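Structure at a glance
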Amino acid sequence: MSKLLEIEKLSISFSQYFKGLEQRELKVLSDLTMDVDDHEILAVLGSSGSGKSLLAHAILGILPSNAKVSGSIRYKGKEMDDELKEELRGNKISFIPQSVNNLNPLMKVKEQAIGYIKDEKDKEKIIKKQREIFNQYNLSEEVDEMYPFQLSGGMARKVLISTALLNDPEIIIADEPTPGLDEEAVKETINNLVELKEKGIGMILITHDINTAIETSDRIAILYLGYVIEITDTKNFSGEGEKLLHPYTRSLYRALPETYFELTEGHQPSYQNIPKGCPYHENCSRQIRECHYELPELREVNGTIIRCFNPLGEGD
Amino acid sequence: MDVLKVENVNFNYGSHKILTNLNFSMENNQVIGLFGDSGSGKSTFCKVLTGFIKEYEGTVTINGEVPQGGFNPIQLIYQHPEKVMNPRWKMRDVLEESWMPDDNLLDEFGIKREWFNRYPSELSGGELQRFSILRALNPNTKFIIADEISTMLDAVTQAQIWDSLLKLARKNNVGVLVVSHDKKLLNRICDSIVYLSDITE
């Protein structure tokens, strides 16, 4: 049985002009391997500005043309080329974008939710469905006729979610669905996402908010400088973090204000200065010789996928 | 003892009222958290405090005096460090625009000297935020207004940044107003927490 969506060794880089005609190569995602199944939420956790959104764009096939991409993305075992990506996006694969800025400011909410449909009968059908879904999210008929600037943050979020549901997607890619919302709205969004999963949808939830990731997902993939360093069961983010195997992941968990607010030495460098070898070795308390020269491959240790030569054990 | 006092401040965007009859005061040995829903006017309040918004009613004073021209003893640190630095200046110039801390302090903030010759676009968000904090902690600063300064950072960097900032602020008797939507963070680092809805009408 193949998984719903499989990503293998995906790398994305850009060459950008720096000073005058000097160019530099910027690697934003490196050697990314992960998969998601139906009835599952996989959270992809990385700090902001880390190019997480590009992962969504790569799956949907909407990366800018100067992006260099390698690796493979498969939908139900089938390699996704540009044609298949175009066919699937908006249908089997839906996107919940980051903010209301992704809506057209000059179009009424209803118009952009349903999109352009030529056939009148089809249009009627989809309008009926749009109304049903909007009702589920407590969006009244008045909302249909509003422009995006008239929506509050919470309403805009609901509009984006219901729009994503119009074509009965199997996979949803949600990009930072919670920031900028107050506590109440965050809770509601989280409930909405979990409901979708329970209906069978497979979801990739891209976020920098570890709390949202913990409250919604089944598994969490942790990014560090564009590398996946650990993919672990969400329930391992508990207790003292003793089941988290990568040194960075454990520090991250233990640095949360609600756990220990623990201080770790050394800081994350910028993407222009990704160290050779393991990207984390400069800050790592468990570095060994190999870490300086060689990039660890992703491997499985006790059900966790990890990129580390010298992972922590439960007793550490 | 320095006292920052905000009295009867009103501010509107056109007919839309943002802050109504706001009263607040704090001292320079305090770390106070400010909590409020999104869109409730927290950031507007920060801008009023630090003089980035000038057209408001009411007064903001330190020890009874309105800060006059020159270096503002109430300094704002902002959520996005990359937006408050000249992209064409090297980091040394960005920092020196305010002051040059001694070596000890640079080390305490984990600032590597090689970064001085880099441009803002060549540093990570966490590295840049260290510069904006140190830049704001000029010896003439009496109060720091920190508007969601660690929201965009990962938890490890967040813990480091607050450790450095609060150590130095306590040592130099600089008062800190911590604005955040993360109540768990405020509980962790603040002496007390104020709700924006409680200090406005």
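Residues numbered from 1 in each chain as written. Chains lettered and ligands numbered in written order. Predicted model: local features only at pLDDT ≥ 70, side-chain atom pairs only at ≥ 80, totals over all residues. Heavy atoms only, no water.

**What to know about the overall build of chain B**
Heads up, the condition is: Strands here are runs of E lasting at least two residues and helices are runs of H or I lasting at least four, both read from the DSSP assignment and numbered beginning at the N terminus. Both definitions apply: the radius of gyration is a C-alpha atom measure, and the globule rule equals 2.2 Å times residues to the power 0.38. Accessibility here uses a 1.4 Å probe with only protein chains present; expressed as a share of the type maximum, an area under 20% marks a residue as buried, one over 50% as exposed, and anything in between as partly exposed. The contact rule is simple, with two residues in contact once any of their heavy atoms fall within 4.5 Å. Surface accessibility in these figures is a Shrake-Rupley result with a 1.4 Å probe; residues are shielded only by whichever protein chains are displayed. Under the convention used here, Asp and Glu are negative, Lys and Arg are positive, and both His and the chain ends fall outside the count. Working definition for charges: the position is that of NZ of Lys, CZ of Arg, CG of Asp or CD of Glu.
Helix and strand content of chain B: seven helices and eight strands. Since a compact globule built from 201 residues should have a radius of gyration of about 17 Å, the 17 Å found for chain B is in line with a globular shape. With respect to the three principal axes, the spread of C-alpha positions in chain B is 50 × 35 × 35 Å. Burial status across chain B gives 54% buried among its 201 residues. Within chain B, counting contacts between residues at least 6 apart in sequence, those at least 24 apart form 73% of the total. Summed over its atoms, the accessible surface of chain B is roughly 9,300 Å², and 44% of this surface lies on carbon and sulfur atoms. Positive and negative side-chain charges in chain B, numbering 21 and 26 respectively, have mean positions lying 3 Å apart.

**Examining the nonpolar core**
Which entries qualify depends on this criterion: Put simply, buried Ala, Val, Leu, Ile, Met, Phe, Trp, Tyr and Cys residues joined by side-chain atoms within 4.5 Å make one nonpolar core. For every domain, the bounds stem from an assignment made automatically or drawn from a database.
Of all hydrophobic cores here, the largest spans 127 residues; its most connected members are Ile-12, Met-34 and Leu-55 of chain A together with Trp-162 of chain B. For this core, the element with the most residues is helix H5 (residues 155–171) of chain B, which contributes nine residues. Residue contributions to this core reach at least three from each of two domains, namely domain 1 (37–49 + 78–216) and domain 2 (218–316) of chain A. Not counting the four nearest positions on each side in its chain, Met-34 of chain A is found in contact with Leu-5, Glu-6, Ile-7, Leu-42, Val-44, Leu-55, Ala-221, Val-228 and Ile-231 of chain A.

**Examining the environment of Pro-105 of chain A**
Residues and elements named next belong to chain A. Here Pro-105 shows up in the loop between strand S6 (93–96) and helix H3 (109–114). Exposure remark for Pro-105: the relative accessible area of 55% places this residue in the exposed category. Along the chain, Pro-105 and Tyr-147 lie 42 residues apart, while their C-alpha atoms are 6.5 Å from each other.

**Description of the interface of chain A and chain B**
Selection rule: Note: buried area is the sum, over both parts, of the accessible area (probe 1.4 Å) each one loses when the two are combined. Any Lys or Arg side-chain nitrogen found within 4 Å of a carboxyl oxygen on Asp or Glu counts as a salt bridge. Throughout this description, a polar contact denotes any pair of N or O atoms lying within 3.5 Å of each other; where both atoms belong to protein, one of them has to be capable of donating a hydrogen while the other can accept it, and for residues adjacent in sequence the pair is counted only when both atoms sit in side chains. Three categories are distinguished: nonpolar for Ala, Val, Leu, Ile, Met, Phe, Trp, Tyr, Cys and Pro, charged for Asp, Glu, Lys and Arg, and polar for the others, with Gly belonging to the last.
At the junction of the two partners, chain A supplies 32 residues and chain B supplies 29 residues. Taken over both partners, the interface formed by chain A and chain B buries close to 2,400 Å², and the fraction arising from carbon and sulfur atoms is 55%. Summed over the three residues of chain A that lose the most area to chain B, namely Pro-257, Phe-261 and His-267 of chain A, the buried surface amounts to 26% of that side. There are one salt bridge connecting chain A and chain B. Ionic pairing is found between Lys-184 of chain B and Glu-258 of chain A, a salt bridge with its closest N-O pair at 3.8 Å. Here chain A is connected to chain B by eight residue pairs in polar contact (both at pLDDT 80 or more). Here the side of chain A that touches chain B takes three residues from helix H9 (residues 247–254) of chain A, the largest share from any one element. Of the residues that constitute the side of chain A that touches chain B, the class distribution is eleven nonpolar, 14 polar and seven charged.

**Remarks on helix H1 (residues 52–60) of chain A**
Burial analysis of H1 of chain A places seven of its nine residues in the buried class, the great majority of the element. For H1 of chain A, the full list of buried residues reads Lys-52, Leu-54, Leu-55, Ala-56, Ala-58, Ile-59 and Leu-60 of chain A.

**As for the pairing of strand S3 (residues 40–45) of chain A**
Residue and element names in this part refer to chain A. Put simply, the test is: Two strands make a pair as long as DSSP finds a minimum of two bridges between them.
In terms of burial, S3 is largely enclosed, as six of its six residues are buried. Bridge count for S3 against strand S9 (residues 219–224) is four bridges, and the pairing is parallel. For Leu-45, the partnering residue across the bridge sits in S9 and is Ile-222.

Any functional reading would require information beyond the geometric quantities listed.
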